[in-house]
Amino acid sequence: MIARLLLVFTMIIGMSAFAQKMPVSYDFSEKFSDRYRYSNLVTIDNDGDGGYILVRAYFQGIILKPKGYFIEHYNKDLELVSEYNYKLKGMQFVDGFTKNGQLNLIFLNYDFDKGIYEYSAHTSNLVDYNFKKQRLLEFKTPAVEGAFGKNYYNRNFKNGFSTTLLFNPKKTGFLISTHHIKGKKNQHTIHLFDTNLNKKWEHDFSGEVEEKNYAFEQIALSNNLEDTYIVGKAYFKKKRFQVDERKFQYELIKISRGISKTQSFDDPGKYSEGLYPIINDNRLLCVGFYADRKDNRYNGISYFDVNPYSLAISSKKYHPFSDQFMEDKFGKEEDKGIKNLVFKNAIITKEKDILFNAEEYFVTNSLQVTGAGQRMRVERFHHNDIVSAKLDTNGDLIWTRNINKAEVTQGDGAYASYSSYNKDGNTYFFVCTAAENPQLINGERLIFKQGLSRNRNVFLISLDASGKLDYEKIIGDEEARLPLMVSKPLIDSTQDQLLFYAKRGNKKQLVEVVFK
């Protein structure tokens, strides 16, 4: 009897130790009924009082069409406080946020009667949802297909009008870029707003687009919003290119007090393939990837220390992908190319190290035969491998790692991809997958193969300060009966907490994950 008790005690201790492998705890709200089966989460934010605001675009009809925006308000105990149906359709949702107890939803709309595009903010308190519209910008131009966008590859500037809106990571302000081409007129204007929806300035960028078209991707803002740093892809306008010529280059643009400066980064045999600007302690850093050939294959990590006033490059470093990274990704296979990496985030740690994460992302098109025998073009979005890198404060490489996964979706991408969090020198990745267990080869190469189950498991993957990899299934599919929108969490770094939205069909709930 004593031996059996000791065995049970040992098993309990072992299970407890295993449960504490990752320093997280989690809590579920109750499951709520939901009247909108088809919807996409577009905004999740704090309400300013410990609670949460979620906004979903919902779709109805035999042929699904957008019908409005459904707003859910939860308190700090994950209890549903109120719901509101904002029946607004016909506008393109751009972004949303809360500030000072106000919910702000930003839309782009084309008024066919007036022949204008209009950015507007629809603002309401969180009690009676009495939305009021505030016009931010308008511009007269013919309607074009795909006017708004942030396509990372093969941007199209031939439609006559293009625009994009970018927030900085802390969401203290946002930039609106408008580029209008008509005949000999080539007008590119940049506008900056604070999150009180006040326009800070407007800058005529037209002089820079005589020879190049710009696709802006990232921005960084000084604390007082006086200085704006924009990273973008500059596409050359030459009509013909030689086989060995590169059609674009990455540039950093600074706008301050009505004056703009531009810096490019390419060196002989080193071509930027993505840059992320970071402001920290009066330093301006750009980190990213580079290629050593003009065929869009990525070959390593790049680092630039830039003077925040003159944009002169004071230090630059290139680090080829390590043998460990290449083995992580391809195993023993050789001569494989790395392409299509898109930034997810970048931070400066307490130790002043630089951590940044990216994802292998691309879009494919194919023809699919419907039940009626019709052929329909289908767009598929691929969210594949996770790439993570760590540099020290001087830009020297500490490690790069690759985590293998393959996800593809035709619809809501919130369920695919991943989210990350940094704590105590460790980087953690949340992945939601139908796979029961990943493959861990040689203790280092981690591969997630998509399972066939309808339910989803939540895995937490960690990289410690030295890049050592570990993982654990933190929420099993028997407990998380609803799949998490794992790529769209609300992150509260002051509480070391992430909030995830889970939904399937007409059921929904919140999942709160806290780091200990």
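Since we're looking at a predicted model, the values are computed, not measured. Per-chain numbering applies: the sequence of each chain, read as written, is numbered from 1 onward. Where local features are concerned, this predicted model is filtered to residues with pLDDT of at least 70; where side-chain atom pairs are given and counted, the filter is 80 or more; whole-chain, interface and lining totals use all residues. Heavy atoms throughout the structure, all of them, feed into the side-chain values; hydrogens and water do not.

Student: Requested: an account of the overall build of the protein, with residues and values cited.
Tutor: Where helices and strands are cited, they refer to DSSP runs of H or I of at least four residues and of E of at least two residues respectively, numbered from the N terminus. From N to C terminus, the protein includes 2 helices and 36 strands. Atoms considered for the radius of gyration are the C-alpha atoms alone. The globule rule reads 2.2 Å times the number of residues to the power 0.38. Here the C-alpha radius of gyration of the protein, 24 Å, is about what a compact globule of 516 residues would show, namely 24 Å. For the protein, the spread of C-alpha atoms along the principal axes amounts to about 90 × 55 × 55 Å. Sequence-distant contacts in the protein: of pairs separated by 6 or more residues, those separated by 24 or more amount to 49%. Method for areas: the Shrake-Rupley scheme with a 1.4 Å probe, in which residue coverage is limited to the protein chains shown. By element, 48% of the accessible surface of the protein is carried by carbon and sulfur atoms, the whole surface being about 25,200 Å². His is not counted here, nor are the chain ends, while Lys and Arg score as positive and Asp and Glu score as negative. Charged side chains are reduced to one point each, which is NZ for Lys, CZ for Arg, CG for Asp and CD for Glu. For the protein, the centre of its 72 positive side-chain charges and the centre of its 64 negative side-chain charges are spaced 6 Å apart. Here, residues are in contact when the closest pair of their heavy atoms is within 4.5 Å.

Student: Could you give an account of the environment of E118, naming the residues involved and the relevant values?
Tutor: Following the sequence through the fold, E118 ends up in strand β9 (residues 116–125). Accessibility expressed as a relative area gives 12% for E118, which makes it buried. Residues E118 and R37, spaced 81 residues apart in sequence, show a C-alpha to C-alpha distance of 30 Å. Residues contacting E118, with those up to four places away along its chain left out, are F107, L108, N109, K133, R135, L137 and E138. Looking at E118, its side chain comes within polar contact range of the side chain of K133, at 2.9 Å. Burial status follows relative accessibility: with a 1.4 Å probe on protein chains alone, a residue under 20% of its type maximum counts as buried, one over 50% as exposed, and anything between as partly exposed. We call two N or O atoms a polar contact when they sit within 3.5 Å, provided that within protein one can donate a hydrogen and the other can accept it, with sequence-adjacent residues counted only if both atoms are side-chain atoms.

Student: Got a sec to walk through the side chain of H319? Specific residues and values, please.
Tutor: Within the secondary structure, H319 is located in strand β22 (residues 313–320). Overall, the relative accessible area of 13% leaves H319 in the buried class.

Student: Can you lay out the packing of aromatic side chains for me, pointing to particular residues and giving the numbers?
Tutor: Here a Phe, Tyr or Trp ring, Trp counted by its six-membered ring, pairs with any other such ring whose centre lies within 6.5 Å, and the pair is stacked when the planes are under 30 degrees apart, edge-to-face when over 60, and tilted otherwise. Throughout the structure, instances matching the rule amount to 40 aromatic pairs. The interplanar angle of 75° and the centroid separation of 5.1 Å between the aromatic rings of F205 and Y214 together place this pair among those described as edge-to-face. Both residues of the pair, F205 and Y214, belong to the buried class. An aromatic cluster is present here, built from Y276, F289, Y298, F321, F325, F343 and F356 joined pairwise through their rings. When the ring centre of Y471 is taken as reference, the NZ or CZ atom of K21 above it lies at 5.6 Å. In this scheme, the term charge over a ring applies when either NZ of a lysine or CZ of an arginine sits within 6 Å of the ring centre and within 35 degrees of the ring normal.

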